[in-house]
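# Survey of secondary and tertiary structure
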Amino acid sequence: MPRLLPGVIAMATVVVASNILVQHLLGSWLTWGALTYPVAFLVTDIMNRVYGPAAARKVVYAGFVTGVLCSVVAAGMDKTTLRIAVASGAAFLSAQLMDISVFNQLRKYNWWLPPLAASVVGSIIDTTIFFSIAFASQLTPIFPADDVSWANELVPLLGHGPVQPLWVSLAVADCSVKLAQAVLALVPFRIVVGNLIQRRAQIH
């Protein structure tokens, strides 16, 4: 467990920071949390590469528990709703576990394909699950206490495209940031993994 502690701390930090920063808008379509949340995929991929899928899953579960605790605290402060909490938890767990699965299927190939493919697939799943559960009008009967009519206002996609519910623009913008970070994250992935593997070799 001590070897996983840095990963657990990193994941918990990302989850807590994202839960705080998601409360603050960044332009018309994003929140500041959109910039920090994708780092969770980087943490998962590093743990998977260095310590294997079982270790990566433990880090993900630690992140999930942290997210649940954040939702409980936020609910007590009237900063979130049951619908948002369910969407967040389902999206995080599904996306991160899929990330691990995809990475593991590709780990025998070159160093950059597993983290890139895993993060891309995970990001698409995360965005789809979160925004659909959180805002789609079709699920309103399941969460009658949560008013998401504002998210279903019809607007041009990202202000210029075909008319869609507002939440679709939010989802597209969010996913675009995740996909861009999936590419950018290859640099710290390469550096951190190299350092950790070298350190493990020196110890053994």
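This report concerns the structure included in the present document. These numbers come from a predicted model, not from an experiment.

## Comments concerning the nonpolar core
Core analysis: the biggest nonpolar cluster contains 30 residues, and Met11, Ile46, Met47 and Phe92 have the highest contact counts within it. At the level of secondary structure, the elements contributing two or more residues to this core comprise helix 1 (5-21), helix 3 (39-51), helix 4 (53-76), helix 5 (82-106), helix 6 (113-135) and helix 8 (186-203). Ranked by residue count, the leading element in this core is helix 3, at 8 residues. In this structure Phe92 touches Met11, Val15, Tyr37, Ala40, Val60, Gly63, Phe64 and Asp126, once residues within four positions along its chain are discounted. Among the nonpolar cores identified, the runner-up in size contains 17 residues, and Phe130, Ala136, Phe143 and Val148 belong to it.

## So, empty space enclosed by the protein
Using the criterion set out here, one finds 1 cavity of 30 Å³ or more in the structure. Here the largest cavity is characterised by a volume of approximately 40 Å³. Along its surface, the largest cavity is lined by Phe41, Leu42, Asp45, Pro115, Leu116, Ser119, Ala182, Ala185, Leu186 and Phe189. Among the elements of the structure, helix 3, helix 6 and helix 8 are those that each provide at least two residues to the lining of the largest cavity. Here the lining of the largest cavity is built from residues that sort into 8 nonpolar, 1 polar and 1 charged.

Procedures and definitions
Residues numbered from 1 in each chain as written. Predicted model: local features only at pLDDT ≥ 70, side-chain atom pairs only at ≥ 80, totals over all residues. Heavy atoms only, no water. Core = buried A, V, L, I, M, F, W, Y, C linked by side-chain atoms within 4.5 Å. Buried < 20%, exposed > 50% of the residue type's maximum accessible area, 1.4 Å probe, protein only. Helix = DSSP H or I, 4+ residues; strand = E, 2+ residues; numbered from the N terminus. Contact = heavy atoms within 4.5 Å. 1 Å grid on protein atoms, 1.4 Å probe; cavity = no way out; pocket = protein on both sides within 12 Å on 5 of 7 lines; lining within 4 Å. Points joined across faces, edges and corners; volume = space filled by probe spheres on them. Nonpolar A, V, L, I, M, F, W, Y, C, P; charged D, E, K, R; others polar.

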